Amino acid sequence: MTRKFVGILIAVIALIALMQGLKDLPKWADPNQPASIHVSPRYIEKGIEETGVPNIVTAVLADYRGYDTLFETAVIFTAGVAVMMLLRRSKR
Amino acid sequence: MIREHEDIVIQTVCRFFIPFMQAYGLYVLAHGHGSPGGGFQGGCILAASFILMTISYDLKEVKRRFSEKLNVLFCSLGVFIYAGTGLVCLLLGGNFLNYGKLSKILPTDPVMARYYGMAAIETGVQITVMAIMVSIFLNLVTAGKHEETVEEEDAGDNSK
């Protein structure tokens with residue numbers, strides 16, 4: 001009974017703390033939020049002349065964020081190797 | 001689980017369909033620069049064509065066309081192409097994955113060299129995604145045995 005009460009209390013306190021942090025987030029679809037004024041204008045304005053790629057998604061994915069995509073590919077590779085290691089049974 | 005069904009309608013439709021799916025997967029890769037698409041999507045479409053081949057024909061047919069040795073090779077080849085492109089940029093004097101330096105070995109200016117560098121890494125992504133998707137599907141559906149098995153609970157009570 002006491003443990004249940006303590007658990008609920010901790011959950012409520014955590015909820016209140018998270019709601020406090022929620023106030024500092026920018027408003028939904030605010031054009032002046034940090035994500036929209038930091039690097040996005042640079043990608044949108046200079047994307048074609050710097051990379052020669054009309055599709056801005058590909059430009060960001062493969063060029064500006066090349067490390068991200070490299071390790072995404074490595075994650076897929078690791079997942080496949082893990083499935084092979086766990087499931088593959090060769091004939092004896 | 002995966003055995004030949006001998007259904008002429010399914011097999012004929014799939015035989016027409018699979019080459020178009022594979023061509024479309026390559027189209028999605030090649031047009032990833034100008035329209036929505038890229039390595040991940042194209043790889044999944046290519047893998048879907050092999051999965052369709054598995055469920056319309058049988059496992060033996062897929063293993064004949066895309067053997068397990070080749071599959072494992074392709075899994076690592078894609079990551080190798082991606083990291084190798086970055087390493088070539090490093091050797092040519094730029095940062096890792098700075099494709100602009102590829103203009104020293106390609107007959108283009110640095111901006112178009114970035115274009116071709118991106119095409120190279122998307123090809124690597126496509127090869128890895130295709131091989132891994134096919135490998136995961138085959139391992140899950142045959143419980144890792146890679147052979148055709150008849151489900152034992154269906155064998156008894158489903159007498160036709």
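Residues numbered from 1 in each chain as written. Chains lettered and ligands numbered in written order. Predicted model: local features only at pLDDT ≥ 70, side-chain atom pairs only at ≥ 80, totals over all residues.

J.: Outline the overall build of chain B, listing residues and values.
T.: The number of helices and strands found in chain B is six helices and zero strands. Each helix and strand of chain B, placed in order from N terminus to C terminus, yields the pattern α-α-α-α-α-α. Counting the 160 residues in chain B, one finds 36% classified as buried. Nonlocal contacts in chain B, meaning residues at least 24 apart in sequence, comprise 62% of its contacts between residues at least 6 apart. (Helix = DSSP H or I, 4+ residues; strand = E, 2+ residues; numbered from the N terminus. Buried ≥ 20, exposed ≤ 12 C-beta atoms within 10 Å, placed from the backbone. Contact = placed C-beta atoms within 7 Å.)

J.: Let's hear about the interface of chain A and chain B: which residues, and what values?
T.: Every contact between the two is made by 25 residues of chain A and, on the other side, 32 residues of chain B. Breaking the side of chain A that touches chain B down by element, the ones donating at least two residues are α3 (40-51), α4 (56-64) and α5 (66-87) of chain A. It is α5(A) that provides the largest number of residues to the side of chain A that touches chain B, a total of 13 residues. By residue class, the composition of the side of chain A that touches chain B is 13 nonpolar, eight polar and four charged. (Nonpolar A, V, L, I, M, F, W, Y, C, P; charged D, E, K, R; others polar.)

J.: Quick rundown of the environment of B:Met112? Include the residues and the values.
T.: Tracing the backbone through its elements, the reader meets B:Met112 in helix α5 (residues 110-141). Measuring from C-alpha to C-alpha, the distance between B:Met112 and B:Tyr99 comes to 9.3 Å, with 13 residues separating the pair along the chain.

J.: Provide a residue-level description of helix α1 (residues 8-30) of chain B, including the pertinent values.
T.: Residues and elements named next belong to chain B. For α1, which comprises 23 residues, the first-to-last C-alpha distance of 34 Å matches the rise-based estimate of 33 Å (1.5 Å per residue) to within 8%. Where α1 bends most, at Phe17, the angle is about 25 degrees, and the proline Pro19 comes one to four residues later. Among the residues making up α1, those that are buried are Gly25, Val28 and Leu29. Summarising the contacts, the buried residues of α1 are in contact with α2 (39-56) and α5. (Expected span 1.5 Å × (residues − 1). Bend = angle between axes of the 7 residues up to and from the residue.)

J.: I'd love a proper account of the nonpolar core, names of residues and values included.
T.: Grouped together as the largest cluster of nonpolar side chains are 40 residues, with contacts concentrated most on B:Val129, B:Met130, B:Ile132 and B:Val134. Counting only elements with at least two residues in this core, the list comes to α4 and α5 of chain A together with α1, α2, α3 (59-65), α4 (68-91) and α5 of chain B. The element best represented in this core is α5(B), accounting for 13 residues. (Core = buried A, V, L, I, M, F, W, Y, C linked by C-beta atoms within 7 Å.)

J.: Account for the environment of A:Ala35, with residues named and values stated.
T.: Looking at the secondary structure, you find A:Ala35 in helix α2 (residues 34-37). Residues A:Ala35 and A:Leu87, spaced 52 residues apart in sequence, show a C-alpha to C-alpha distance of 43 Å.

J.: So what's going on with unusual backbone geometry? Which residues, and what values?
T.: We note that A:Ala29 has phi near 60 degrees; this positive angle belongs to a residue other than glycine. Take A:Ala29: it is sitting in the loop between α1 (2-22) and α2. The phi dihedral of B:Leu97 falls on the positive side, at around 65 degrees, and the residue is not glycine. Mapped onto the fold, B:Leu97 is located in the loop between α4 and α5.

J.: Tell me about the environment of B:Gly34, and please be specific about residues and values.
T.: Here B:Gly34 shows up in the loop between α1 and α2. Overall, the presence of 11 C-beta atoms within 10 Å leaves B:Gly34 in the exposed class. Sequence-wise, B:Gly34 and B:Lys69 are 35 residues apart; in three dimensions their C-alpha atoms are separated by 34 Å. Excluding residues within four positions of it along the chain, B:Gly34 makes contact with A:Pro54 and A:Asn55.

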